[in-house]
Amino acid sequence: MRLRLPNISGLLKLLALSALVSCLPSQRRQLTDFQLSALIDSHPPLPALSPNYYTKTTTASSRSAQSSSGASNGQNNNNPAALLTPILIPRTPGSENATIVRNHFTTHFDALSNWTAVTDAFTATVPEYGGVMGMLNFTNLIFRLTPPGSDDMPSRYLTLVAHYDSKISPFGFIGATDSAAPCAILMYLAETLTPYILARWKADISAAADDTGLQIIFMDGEEALVEWSDKDSLYGARHLAELWEAERRPSQFGRLSVLQDIDLFVLLDLLGADSPSVPCFFEITSWACRDIAETEATARNAGLAKTKGRKPFVQSDNVMQNVFIDDDHMPFLTRGTPVVHVIPIPFPTVWHTMDDDGAHLSSDAVHDWAVIVTGWVAGYLGLGDFIA
Ligand SMILES: *[C@@H]1O[C@H](CO)[C@@H](O)[C@H](O)[C@H]1NC(C)=O
Ligand SMILES: *[C@@H]1O[C@H](CO)[C@@H](O)[C@H](O)[C@H]1NC(C)=O
Ligand SMILES: *[C@@H]1O[C@H](CO)[C@@H](O)[C@H](O)[C@H]1NC(C)=O
Ligand SMILES: [Zn+2]
């Protein structure tokens, strides 16, 4: 065995890094009651996440002016844009409606400062159905908020994922929990946290290079088109995992797979129905699952939850290692990516029926999931000191 000393520039980099690390408050620190209350008060989830809120989208320029003006001015509550309602339409892969929903995402993220977009569009072989003969276009959308100055270093992303496609049958199926509400929650989260993330990086721009960024994936083609099988399901996730496994970029350790940029892959699915019960699924990420449960407890103690007198949404003392759910995390999990799967067991009673629509959503549950996930991510990214 041989200890290799770093070369001088490596040594300087190490010294610089060790000097810098202490300049930003540490990441992965849960918000206090006070910080979580301040965060949610500054930007309440409702009415933007209400299923029947139709207020027209505010103009991109007014919202980007507001979000670039910093954390102290993060609210725009007089006329929030509808986040959920525009997704509550049938949006099967390759359809006009799928394009409309993607434009809704893109308009939203374009209006937030400093996000970049990546499109993963591809054509895949599908079973024949309806008028479609064997080939279909799919599009995953990825949005990233990257720490400044991290270009020559591996940048890590906390990665939040939901699928936006809807099932082809029954005809007219909406998929409000599956997964319109999770998509809208991720839009809300990005809008709420961007000013605080930027404030953190601005506080020490050179230390920021070492920080974790945020990546949000809207996945296409999760649903089977005819009948669920390895080939007929997870079209978007299978394509993206394969693409990122092959994609390499230089780092100080040699060429790394882009897949390794994923700090943690957090998949939200089937959220928005009443009384969910979400277990932890993986021992290796149960720490994150427990942190989410802790954020939920903080939210309930602080009086921020609208669903009251029920058992907690997240059951973190319960690691269900023997339950196997095929979902968008699988192509990543099998390639070694650490995963947190936020999905209720049992599934909502409306699952894969015409009743999985806006009318059957629990606005209160959608609200509380938005508070829990946003608060947890704020803690993960070390935003507490920049909130209150
Ligand atoms: C597209 O969405 C509209 C609602 O905006 C709906 O009426 C229509 O049926 C959808 N189109 C398809 C092909 O599903
Ligand atoms: C599928 O994508 C290809 C390549 O972008 C495009 O030329 C074609 O028109 C698309 N097909 C449909 C049905 O949208
Ligand atoms: C955000 O973008 C602006 C304009 O492109 C840039 O000047 C600024 O440094 C960025 N801020 C951060 C924290 O990345
Ligand atoms: Zn489904």
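The name given to the protein in an unreviewed UniProt entry is Peptide hydrolase, with Lipomyces tetrasporus as the source organism.

Let's shift gears to the overall build of the protein. Across its full length, the protein holds 11 helices and 10 strands. The proportion of buried residues among the 388 residues of the protein is 45%. For the protein, restricting intrachain contacts to residue pairs at least 6 apart in sequence, the fraction spanning at least 24 positions comes to 81%.

Among the structural elements, Val314 can be located in strand β9 (residues 314-319). On the basis of neighbour count, Val314 is assigned to the buried category, with 26 C-beta atoms found within 10 Å. A C-alpha to C-alpha distance of 7.9 Å links Val314 and Cys280, two positions 34 residues apart in sequence.

What follows covers the nonpolar core. Counting residues in hydrophobic clusters, the biggest one holds 106 residues, and the most contacted among them are Ala184 and Ile185. Counting residues per element, this core draws most heavily on helix α5 (residues 176-203), at 16 residues. Discounting chain neighbours no more than four positions away, the residues touching Ile185 are Leu49, Leu268, Trp369, Ala370 and Val373.

As a structural note, the neighbourhood of ligand 3 is formed by Ser113, Asn114, Pro148, Leu198, Trp201 and Lys202. A breakdown of the residues in the shell around ligand 3 according to their chemical character gives three nonpolar, two polar and one charged.

The subject of this paragraph is the sheet that holds strand β2 (residues 135-145). Strand pairs in the sheet, formed through backbone hydrogen bonds, run parallel or antiparallel to each other. Pairing in this open sheet of six strands is mixed, and the strands run β1-β2-β4-β3-β7-β10 from one edge to the other. Only two strands of the sheet have a single partner each, and these edge strands are β1 (115-125) and β10 (339-342). Each strand axis lies, on average, 20° off the axis of its neighbour in the sheet, ignoring direction. Bridge count for strand β3 (residues 156-163) against strand β7 (residues 262-268) is five bridges, and the pairing is parallel. The residue bridging Leu160 from the neighbouring strand is Val266, located in β7.

Within the secondary structure layout, Gly379 lies in helix α10 (residues 363-380). For Gly379, a count of 23 C-beta atoms within 10 Å translates into the label buried. If we ignore the near neighbours within four places in the chain, the residues touching Gly379 are Arg28, Arg29, Gln30, Leu31, Asp291, Thr295 and Gly384.

Here we take up helix α2 (residues 33-42). Within α2 the residues assigned to the buried category are Gln35, Leu36, Leu39 and Ile40. Buried residues along α2 cover an arc of 125° about the axis, so they all sit on one side. The inward-facing, buried residues of α2 abut α5, α8 (286-301), α10 and α11 (384-387).

Further remarks concern the packing of α5 against α10. In the contact formed by α5 and α10, the axes pass within 9 Å of each other and the chain directions differ by 40°. The angle between the axes of α5 and α10 places the two elements in the oblique class. The chirality of how α5 crosses α10 is right-handed. When α5 is examined against α10, the residues Ala181, Ile185, Tyr188, Leu189, Thr192, Leu193 and Tyr196 are found in contact with a partner set consisting of Val366, Trp369, Ala370, Val373, Thr374, Val377 and Ala378. Of the residues belonging to the contact of α5 with α10, the class tally is 12 nonpolar, two polar and no charged.

What follows covers unusual backbone geometry. In this chain, Ser169 is followed by Pro170 through a cis amide linkage whose omega measures 0°. Mapped onto the elements, Pro170 comes out in the loop between β3 and α5. Non-glycine residue Asn114 carries a positive phi angle of around 75°. Assignment of secondary structure puts Asn114 in the loop between α4 (96-110) and β1. Judged by C-beta crowding, with 15 C-beta atoms within 10 Å, Asn114 ranks as partly exposed. Even without being a glycine, Ser275 presents a positive backbone phi close to 50°. Looking at the element boundaries, Ser275 is found in the loop between β7 and β8 (278-280). Among the residues examined, Ser275 registers 12 C-beta atoms within 10 Å and is labelled exposed.

A few words on the environment of Cys280. The topology assignment puts Cys280 in strand β8. Remark: the alpha-carbon pair of Cys280 and Val342, spanning 62 residues in sequence, is separated by 7.9 Å. In this structure, Cys280 is in contact with Ser286, Cys289, Ser316, Asn318 and Val319, ignoring residues within four places of it in sequence.

Conventions used here
Residues numbered from 1 in each chain as written. Chains lettered and ligands numbered in written order. Predicted model: local features only at pLDDT ≥ 70, side-chain atom pairs only at ≥ 80, totals over all residues. Helix = DSSP H or I, 4+ residues; strand = E, 2+ residues; numbered from the N terminus. Buried ≥ 20, exposed ≤ 12 C-beta atoms within 10 Å, placed from the backbone. Contact = placed C-beta atoms within 7 Å. Core = buried A, V, L, I, M, F, W, Y, C linked by C-beta atoms within 7 Å. Near = placed C-beta within 6 Å. Nonpolar A, V, L, I, M, F, W, Y, C, P; charged D, E, K, R; others polar. Pairing = 2+ DSSP bridges. Axes fitted to C-alpha atoms, helices over the stretch in contact; angles between N-to-C directions. Arc of directions from axis to C-beta. Parallel < 35°, antiparallel > 145°, perpendicular 65-115°, else oblique. Left-handed = near helix turned anticlockwise from the far one by under 90°.

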